[in-house]
Amino acid sequence: EAEAEAEARLLLQEAQESIEAARSYRRGLGAGARGIRESATLTRDALEQHFNDLKGTLKKLLDERLMSLLQEVDAIEQESIKPLDECQKLIEHGVSTANDLLREGESAVHGDVGQQNEKLCSFTKKALHIQLDSLPEVPSLVDVPCLSAQLDDCLFTILKNQIFRHGTVASRPPVQLEEFIEKPGGILVRWCKVDDDFIPQDYRLQYRKSTASHFEDVYVGSETEFIVLHIDPNVDYQFRVCARGDGRQEWSPWSVPQIGCTTLVPHEWTAGLEGYSLSSRRNIALRNDSQSCGVLYSKAPTYFCGQTLTFRQVLIETVGQPDRRDSLGVCVEQQNGYDSLQRDKAVCISTNGAVFVNGKEMTNQLPAVTSGSTVTFDMEVVQLGPSSNEGGNFKLRVTISSNNREVVFDWVLDQCCVSLYFGCSFSYPGWKVLVF
């Protein structure tokens with residue numbers, strides 16, 4: 001009976017696993033079908049928008065060309081008909097003058113005998129001064145312009161061939177999204193090339209919030225990964241990537257959009273410390289010109305072992321020489337009253353590259369921290385003995401990297417600690433540091 005029950009439980013477990021696998025497979029099929037439908041809808045919208053824009057642009061260009069040709073016709077017409085109009089006016093003026101002279105002559109001949117001599121003298125004088133046989137030269141018909149429209153029907157053939165070759169529909173993008181890694185207040189997005197024949201020159205990464213309607217560019221460059229910051233925790237974001245081939249101007253089709261999310265709250269500096277000014281998101285700290293001095297700590301112990309903590313010097317315009325106490329690092333707890341992280345229960349790097357562990361300087365040294373420098377901290381837990389979680393020795397394997405060099409050492413603590421505060425201390429104004 002016991003064996004039958006165990007066998008039944010085993011079969012039940014196998015059945016449940018099969019059902020779960022089928023459900024997972026069905027979800028995958030559903031996601032694939034949704035992806036096809038969504039990409040097809042987006043492609044239709046893009047094609048309709050593009051060809052509507054194209055039709056509008058072509059109509060505008062054709063209207064402009066028609067207006068230009070009509071204006072050319074008007075100009076030729078006005079220029080060609082002007083001398084003919086002037087000739088016509090001269091002839092009409094001559095005819096009118098001749099008619100007036102003719103009436104005057106008839107009146108002189110048939111008038112009263114007493115006034116006849118006077119009228120005949122006046123008529124004779126006018127007739128001698130008027131050249132009745134002088135007429136303007138009338139242009140030959142072969143010299144008169146005859147306008148016509150010269151329209152080459154081959155344009156329709158050229159346009160037809162170009163239009164029929166314009167645009168393509170691709171179903172296999174050359175790059176695809178590969179991995180999403182959660183970061184505090186951000187997501188590390190990685191992508192890869194899936195077409196062996198495609199030689200990429202640049203990549204273009206876009207994202208949008210799940211509630212947004214439009215994607216926006218977040219990265220353009222040659223790298224195959226990028227940390228997208230300013231990501232709200234526990235909110236879905238959609239990502240897509242495309243590439244531009246070597247020597248090409250146009251971008252490839254977009255990859256299949258995928259959802260990324262982070263559950264990690266963003267790193268923030270503590271607000272209110274007199275010597276530092278913070279950005280609106282409190283992830284950038286600027287040492288101001290206040291005389292107050294001290295260590296600026298994180299708002300909470302948001303750095304967890306197994307993650308990478310990054311400090312980036314985005315601007316340095318220091319007033320005065322760097323102080324040997326200036327430093328960046330992590331610590332077990334906030335301790336006010338210190339002017340540097342070079343103390344117990346803290347590891348840090350000074351701006352001259354010296355590394356301090358629990359206040360003691362190591363023999364290994366890193367390059368100095370300067371404008372544009374990036375400093376990273378990586379830690380993993382190394383437990384010593386069975387009592388390490390009960391107050392005994394606790395070891396963290398620490399890697400500090402700066403300017404393509406790194407130091408690795410073990411940091412021994414007297415208590416279990418997997419989440420840490422981060423901090424910085426600067427003596428002179430002008431230091432500006434971003435943390436993520």
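Residues numbered from 1 in each chain as written. Predicted model: local features only at pLDDT ≥ 70, side-chain atom pairs only at ≥ 80, totals over all residues. Heavy atoms only, no water.

The next subject is the sheet that holds strand E6 (residues 237–245). With antiparallel pairing, the four strands of this open sheet are ordered in space as E4-E3-E6-E7. Both edges of this open sheet fall to strand E4 (216–221) and strand E7 (258–260), since each of them pairs with a single strand only. Neighbour-to-neighbour, the strand axes of this sheet turn through a mean angle of 30°, independent of strand direction. (Pairing = 2+ DSSP bridges. Helix = DSSP H or I, 4+ residues; strand = E, 2+ residues; numbered from the N terminus. Axes fitted to C-alpha atoms, helices over the stretch in contact; angles between N-to-C directions.)

Before going further, it helps to spend a moment on unusual backbone geometry. Phi angles above zero are rare outside glycine, and Arg 282 is one such case at about 60°. Within the chain, Asn 403 stands out as a residue other than glycine whose phi angle is a positive 50°. Among the structural elements, Asn 403 can be located in the loop between strand E18 (394–402) and strand E19 (405–413).

UniProt tags residues 44–79 as "coiled-coil region" (unreviewed entry). Annotated as residues 44–79, this span is 100% helix and 0% strand, and its ends, taken at the C-alpha atoms, are 52 Å apart. (UniProt positions renumbered as here; feature names shortened; annotations may be inferred.)

This part covers the sheet that holds strand E5 (residues 225–229). Read from one edge to the other, the open sheet built from three strands follows the order E1-E2-E5, with strand pairing classed as antiparallel. Two strands bound the open sheet, and with one partner strand each, they are strand E1 (175–183) and E5. In this sheet, adjacent strand axes meet at a mean angle of 25° when their direction is disregarded. Summarising the sheet, strand E2 (residues 186–193) and E5 pair through five bridges and their orientation is antiparallel. Across the sheet, Ile 187 pairs through a bridge with Val 228, a residue of E5.

Another point: helix H3 (residues 154–165). Between its first and last C-alpha atoms H3 spans 17 Å; for twelve residues at 1.5 Å apiece the expected length is 16 Å, and the two agree. Gly 167, located one to two residues past H3, shows a positive phi value of around 85°. (Expected span 1.5 Å × (residues − 1).)

The next subject is the packing of aromatic side chains. As enumerated under the stated definition, the model contains eleven aromatic pairs in all. Aromatic pair Phe 180 and Phe 239: ring centres 5.4 Å apart, planes at 45°, arrangement tilted. Linking Phe 180 in strand E1 with Phe 239 in strand E6, this pair joins segments that are 59 residues apart in sequence. Classification of Phe 180 as partly exposed rests on a relative accessible area of 25%. Using a relative accessible area of 0% as the deciding quantity, one classes Phe 239 as buried. Measuring from ring centre to ring centre gives 6.2 Å for Phe 311 and Phe 422, while their planes differ by 75°; the resulting arrangement is edge-to-face. Here Phe 311, found in strand E12 (residues 308–316), pairs with Phe 422, found in strand E20 (residues 419–425); they are 111 residues apart in sequence, far enough to count as distant. (Phe/Tyr/Trp six-rings, centres within 6.5 Å; stacked < 30°, edge-to-face > 60°. Buried < 20%, exposed > 50% of the residue type's maximum accessible area, 1.4 Å probe, protein only.)

For the rest of this paragraph, the subject is the environment of Thr 157. Tracing the backbone shows Thr 157 in helix H3. The partly exposed category is assigned to Thr 157, whose relative accessible area is 46%. Residues Thr 157 and Ser 39, spaced 118 residues apart in sequence, show a C-alpha to C-alpha distance of 33 Å.

It is worth spelling out the layout of surface pockets at this point. Approximately 1,700 Å³ is the volume attributed to the largest pocket. The wall of the largest pocket is formed by 48 residues, among which Ser 39, Thr 43, Ala 170, Pro 253 and Trp 254 lie closest to the centre. Of all the secondary-structure elements, those providing two or more residues to the lining of the largest pocket are helix H1 (2–110), strand E3 (200–209), E6 and E7. Examining the composition of the lining of the largest pocket, we find that 17 residues originate from one element, H1, more than from any other. Here the residues of the lining of the largest pocket are counted per class, giving 20 nonpolar, 18 polar and ten charged. Taken domain by domain, the makeup of the lining of the largest pocket includes at least three residues from each of domain 1 (20–165) and domain 2 (175–260). (1 Å grid on protein atoms, 1.4 Å probe; cavity = no way out; pocket = protein on both sides within 12 Å on 5 of 7 lines; lining within 4 Å. Points joined across faces, edges and corners; volume = space filled by probe spheres on them. Nonpolar A, V, L, I, M, F, W, Y, C, P; charged D, E, K, R; others polar. Domains from an automatic or database assignment.)

A few words on the pattern of salt bridges. Per the counting criterion, the structure on display carries 13 salt bridges. Between Asp 202 and Arg 244 there is a salt bridge, with the nearest N and O atoms lying 3.3 Å from each other. Of this pair, Asp 202 sits in strand E3 while Arg 244 sits in strand E6, and the two are 42 residues apart along the sequence. A single burial state applies to Asp 202 and to Arg 244, both of which are buried. Asp 410 is paired through a salt bridge with Lys 395; the nearest N and O atoms lie 3.5 Å apart. With a gap of 15 residues between them, Asp 410 in strand E19 and Lys 395 in strand E18 connect regions that are remote in the sequence. Here Asp 410 falls in the partly exposed class, since its relative accessible area comes to 32%. Through salt bridges with shared partners, one network takes in Glu 179, Arg 190 and Glu 225. (Salt bridge = Lys/Arg side-chain N within 4 Å of Asp/Glu carboxyl O.)

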